[in-house]
Amino acid sequence: MADTEPALCRSCGHDGLQTFLSLGKTPLADALVTEEQLTEEEAVFPLDVAFCPECALVQILGDVPPEMLFVDNYLYFSSFSDHLLAHSRDHALGLIERLDLGPDSLVVEIASNDGYLLRNFVEHGIPVLGIEPAPDQADAAETAGIPTRREFFGIELARELVESGQKADVIIANNVMAHVPDLNGFVAGMAHLLEDDGVITVENPSVDELVERCAFDTIYHEHHCYFSCLSVSALAARHGLSLNRVDSFPDLHGGTLRWSLGKKHEPHVSVARHVDAETEAGVGGYAYYEHFADEVNRVERDLRALLEGLKADGATIAAYGAAAKGATLVNVVGIGTDLVDFVVDRNTHKQGRYMPGTHLPIRPVEALLEEQPDYVLLLAWNFAEEIRNQQAEYERRGGRFIVPVPTPEVLS
Ligand SMILES: [Zn+2]
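Residues numbered from 1 in each chain as written. Predicted model: local features only at pLDDT ≥ 70, side-chain atom pairs only at ≥ 80, totals over all residues. Heavy atoms only, no water.

Visitor: Which residues make up the overall build of the protein, and what values do they have?
Guide: Counting secondary structure elements, the protein contains 13 helices and 17 strands. Taking 412 residues into account, the globule formula puts the C-alpha radius of gyration at 22 Å, and the protein, at 21 Å, falls close to it. Across its three principal axes, the protein shows a C-alpha extent of roughly 65 × 50 × 40 Å. Evaluated residue by residue, the protein yields a buried proportion of 53% over its 412 residues. Pairs at least 24 apart in sequence give 70% of the contacts found in the protein among residues at least 6 apart. (Helix = DSSP H or I, 4+ residues; strand = E, 2+ residues; numbered from the N terminus. Rg over C-alpha atoms; globule rule 2.2 N^0.38 Å. Buried < 20%, exposed > 50% of the residue type's maximum accessible area, 1.4 Å probe, protein only. Contact = heavy atoms within 4.5 Å.)

Visitor: Please set out the domain arrangement of the protein residue by residue, giving values where relevant.
Guide: By domain assignment, the protein separates into domain 1 (78-283) and domain 2 (288-410). Taking only C-alpha atoms, the centre of domain 1 and the centre of domain 2 are 30 Å apart. Taken together, the contact pairs 23 residues of domain 1 with 23 residues of domain 2. Between domain 1 and domain 2 lies a buried interface of about 2,100 Å² when both sides are counted; carbon and sulfur atoms form 67% of it. The interface formed by domain 1 and domain 2 includes one salt bridge. Its salt-bridge partner being K325, residue D217 comes within 3.3 Å of it at the nearest N-O pair. (Domains from an automatic or database assignment. Buried area = accessible area lost by both parts, 1.4 Å probe. Salt bridge = Lys/Arg side-chain N within 4 Å of Asp/Glu carboxyl O.)

Visitor: Got a sec to walk through the pattern of salt bridges? Specific residues and values, please.
Guide: Enumeration over the complete set of coordinates arrives at 18 salt bridges. Its salt-bridge partner being D247, residue R245 comes within 3.1 Å of it at the nearest N-O pair. Classification of R245 as partly exposed rests on a relative accessible area of 25%. Here E393 makes a salt bridge to R397, at a shortest N to O gap of 2.9 Å. With relative accessibility at 45%, the residue R397 sits in the partly exposed group. Among the charged side chains, a network of salt bridges with common partners joins R149, E151 and E160.

Visitor: So what about the sheet that holds strand β4 (residues 107-110)? Which residues, and what values?
Guide: What the seven strands build is an open sheet, ordered β6-β5-β4-β7-β8-β11-β10; its pairing is mixed. Either end of the sheet is taken by a strand with one partner, and the two such strands are β6 (148-149) and β10 (242-249). Relative to strand β11 (residues 256-262), strand β8 (residues 194-205) runs antiparallel, the two sharing six bridges. Bridge pairing in β11 places P205 opposite T256. Running over the sheet, helix α7 (residues 229-237) touches β10 and β11 and is turned about 25° from β11. (Pairing = 2+ DSSP bridges. Axes fitted to C-alpha atoms, helices over the stretch in contact; angles between N-to-C directions.)

Visitor: Explain the nonpolar core residue by residue, including any values.
Guide: Ranked by size, the top nonpolar core spans 53 residues in total, and within it F216, I219, F292, I335 and M355 carry the most contacts. Listed by contribution, the elements that provide at least two residues to this core are β1 (18-27), β2 (44-51), β3 (58-60), α6 (207-212), α9 (286-312), β12 (317-320), α10 (324-333) and β15 (375-378). The leading source of residues in this core is α9, at nine residues. Taken domain by domain, the makeup of this core includes at least three residues from each of domain 1 (78-283) and domain 2 (288-410). When residues no more than four places from it in sequence are discounted, the contact partners of I219 are L21, L23, L47, V49, I60, L210, Y226, F292 and T328. A168, F186, V202 and W259 belong to the second largest nonpolar core, which has 44 residues in total. (Core = buried A, V, L, I, M, F, W, Y, C linked by side-chain atoms within 4.5 Å.)

Visitor: Please provide a residue-by-residue account of the side chain of H179, values included.
Guide: Among the secondary structure elements, H179 is positioned in the loop between β7 (168-174) and α5 (183-193). For H179, the side chain forms a polar contact with the side chain of H223, separated by 3.4 Å. (Polar contact = N/O pair within 3.5 Å; in protein donor to acceptor, adjacent residues only side chain to side chain.)

Visitor: Before we move on, could you go through the pairing of strand β16 (residues 400-403) and cite the residues and values that matter?
Guide: In the sheet, β15 pairs with β16 via three bridges, with the strands oriented parallel. Each bridged residue has a counterpart across the sheet, and for Y375 the counterpart in β16 is R400. In this structure, β16 lies alongside strand β17 (residues 409-410), joined through two bridges in antiparallel fashion. If you follow V403 over to β17, its bridge partner there is E409. Once β16 ends, the chain turns through five residues before running back antiparallel as β17.

Visitor: Pulling in residues and values, what's your account of the pairing of β2?
Guide: Sheet analysis places β1 next to β2, joined by seven bridges and oriented antiparallel. For L21, the partnering residue across the bridge sits in β2 and is V49. Between β2 and β3, which pair antiparallel and follow one another directly, the connecting turn spans six residues, one of which, A56, has a positive phi of 70°.

Visitor: Please provide a residue-by-residue account of the coordination of the zinc ion, values included.
Guide: Looking at the metal site, the zinc ion is ligated by C9 (SG), C12 (SG), C52 (SG) and C55 (SG), spaced 2.3 Å from it. The site at the zinc ion holds four donor atoms, and with the angles between them running 103 to 115°, its shape is tetrahedral. Motif for the zinc ion, donor spacing along one chain: C-x2-C-x39-C-x2-C. The same class applies to C52 as to C55, namely buried. (Donors = N, O, S within 2.8 Å, 3.2 Å for Na, K, Ca; no water. Tetrahedral: all angles 85-135°; square planar, octahedral: opposite > 155°, others 65-115°.)

Visitor: Talk me through the sheet that holds β1; I want residue IDs and the actual numbers.
Guide: An order of β1-β2-β3-β9 is seen for the four strands of this open sheet, with the pairing classed as antiparallel. Looking at which strands have only one partner, the edges of the open sheet turn out to be β1 and β9 (225-226).

Written out as structure tokens, the structure is:
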């Protein structure tokens, strides 16, 4: 898109988007760098965030060429997180009971990854279909007995499934709707595929949790949109869907909401409760986001000062979590090998590579006990409790963790 064209809202098409935050030009957050690529120049793209006064959707401006996205995005296996597995199991068992699912039902999951969630339905004899374009994850799912379509989901695939006689009683879309370039095509596809009495559940980190936690590191090019109950409700209504229930999971991915949508208008009390709370907090107005931008600038400044101070005192610092949010944080704040020696990650697919932009090397988590750095910056702060439990020995030997947001501080 040329700079001179006004950006249109990805949801409602409004042409008066209001920009509130610019995080500079950063490389794609998932584009980990190999040893051979270290000397090559990396592509960088502006990261500007805007609010739609018409439908309340928060979104990034500009488009990265789609062929550049998802290229190296295939390194995330859901089954690496214990917390996520437990959360998914609870969700599946809850749906089976609430909707009385059985051998005649069909559960479709979009972005089904390695089958971490659908396997809970398979165990109960409930037919499932996974939709997952990432080849390694789709392979892992098929091996686990999860039928998987290796495609991106949209209205075309929905039409094809319906024509072949498949309609879904449940459609689950966790942490995918923010990644979709064609938001309306995606929701139209879900509506088309859904049985009249079916239920869609969509989970995403909510924009008010993002603001409250100052989680600017969850803003990156692969995340086109940042949702609230207000914006989801408007988006769903455009496709004949009603927001019927809202569940909140404050400890998942830094504060996740689950929106349940259906073709019948039968809102649970949780909908009004959440919408009212959002309205009261100001989620539907520009000023809320303007204030957030000031907070982001404060965290950037304070985190840099904290790390530079520790370094000046002779401390060694490592980091934990080579995920996209970690890459965003180190690039926006400007944390290179002058401050942090290396990043550790449990994901074996990432080890041996380098963070995009700042080129921090990625090592196995065992490196924390081998090197015993004085401090570890928790880039994966959303898994702080899980990581501290796993790394109790590191802390016992005197190591200290640093959380970057909402206020940079050393954990005691
Ligand atoms: Zn809009």
